[in-house]
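The chain contents come next:
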Amino acid sequence: SQQGEEDPQALSIQEGENATMNCSYKTSINNLQWYRQNSGRGLVHLILIRSNEREKHSGRLRVTLDTSKKSSSLLITASRAADTASYFCATADGSGNTGKLIFGQGTTLQVKP
Amino acid sequence: DTEVTQTPKHLVMGMTNKKSLKCEQHMGHRAMYWYKQKAKKPPELMFVYSYEKLSINESVPSRFSPECPNSSLLNLHLHALQPEDSALYLCASSQVGGRPNTGELFFGEGSRLTVL
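Basis of the calculations
- Residues numbered from 1 in each chain as written.
- Chains lettered and ligands numbered in written order.
- Predicted model: local features only at pLDDT ≥ 70, side-chain atom pairs only at ≥ 80, totals over all residues.
- Heavy atoms only, no water.
- Buried < 20%, exposed > 50% of the residue type's maximum accessible area, 1.4 Å probe, protein only.
- Helix = DSSP H or I, 4+ residues; strand = E, 2+ residues; numbered from the N terminus.
- Pairing = 2+ DSSP bridges.
- Contact = heavy atoms within 4.5 Å.
- Salt bridge = Lys/Arg side-chain N within 4 Å of Asp/Glu carboxyl O.
- Polar contact = N/O pair within 3.5 Å; in protein donor to acceptor, adjacent residues only side chain to side chain.
- Disulfide = S-S within 2.5 Å.

Q: Can you break down the pairing of strand E4 (residues 29–37) of chain A residue by residue, with the values?
A: Of all nine residues making up E4(A), eight are buried, and the element is well covered by its neighbours. Hairpin connection, E4(A) to strand E5 (residues 43–50) of chain A: the antiparallel pair is bridged by five residues, and A:Gly40 has positive phi, about 75°.

Q: Can you tell me about the interface of chain A and chain B, naming the residues and giving the values?
A: Opposite the 23 residues of chain A that make contact, chain B presents 23 residues. The interface formed by chain A and chain B includes one salt bridge. Note that A:Arg41 is salt-bridged to B:Glu109, the shortest N-O span being 2.9 Å. At the junction of chain A and chain B, the tally comes to six residue pairs in polar contact (both at pLDDT 80 or more). Where the side of chain A that touches chain B is concerned, the elements lending two or more residues are E4, E5 and strand E10 (101–103) of chain A. The leading source of residues in the side of chain A that touches chain B is E4(A), at five residues.

Q: Break down the state of the cysteines for me, with residues and values.
A: In total, this model carries two disulfides over all chains according to the counting rule given. The partner cysteine of A:Cys23 in its disulfide is A:Cys89, sulfur to sulfur 2.0 Å. Sign of the S-S torsion, about 70° for the bond between A:Cys23 and A:Cys89, identifies this disulfide as right-handed. Of this pair, A:Cys23 sits in strand E3 (residues 19–24) while A:Cys89 is found in strand E9 (residues 85–93), placing the two residues 66 residues apart along the sequence. The burial state of A:Cys23 is the same as that of A:Cys89; both residues are buried. Here B:Cys23 engages in a disulfide with B:Cys91; their sulfurs sit 1.9 Å apart. On the sign convention where negative is left-handed, the bridge of B:Cys23 and B:Cys91, at about -70° about the S-S bond, is left-handed. In this pair, B:Cys23 sits in strand E3 (residues 18–25) while B:Cys91 sits in strand E9 (residues 87–94), placing the two residues 68 residues apart along the sequence. Here B:Cys23 and B:Cys91 have matching classes, each one buried. Looking at B:Cys68, it has no disulfide partner, and the nearest cysteine sulfur is the one in B:Cys91, 9.2 Å off.

Here it is, written out as structure tokens:
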């Protein structure tokens, strides 16, 4: 069963603008991860935030985690056409030992040049 | 370039055929996964192998049979599939253990399966 819900389902912006995607989940987690998937390709890991962290940065990516609200957001700053892809959040279960990740429904991002 | 290699990239099979999907990684990871992804949907976990032993089977029908011959290889044997099994099948690997276990997955590019 899928645990995460993401919004928006689809997002279209101009190059240079910022893109924000949100993810909500239902059960306790060990960590939350974000992945990108270009059309018809495999998924690529972007960033991981642990349950005891509130914010994390990686290049143009900023992730926040609010465990009290069971939600996370991914911010992509100064977007580029190459950022066009689907973005999924994924949660690792509370024990963190199984490596089992459950993916959210995803946000499809289109960045127009 | 992904360090997880999946073959074939595309596969078309009839409902009576037997075929296999293959996955290989040389990162020394000891956990390997099969996910199924339908169009415009998230990946759905099918199987997890940890140290070459099946640790998770997400109630997958027996027409899908996983096999992990060694720590670098993962197969998915297909038999008597249905048209609704058409999907992108993704293999992934990850480290096991560590402090803490990150659970970060490395995915292959997938095998696109069409069942006629």
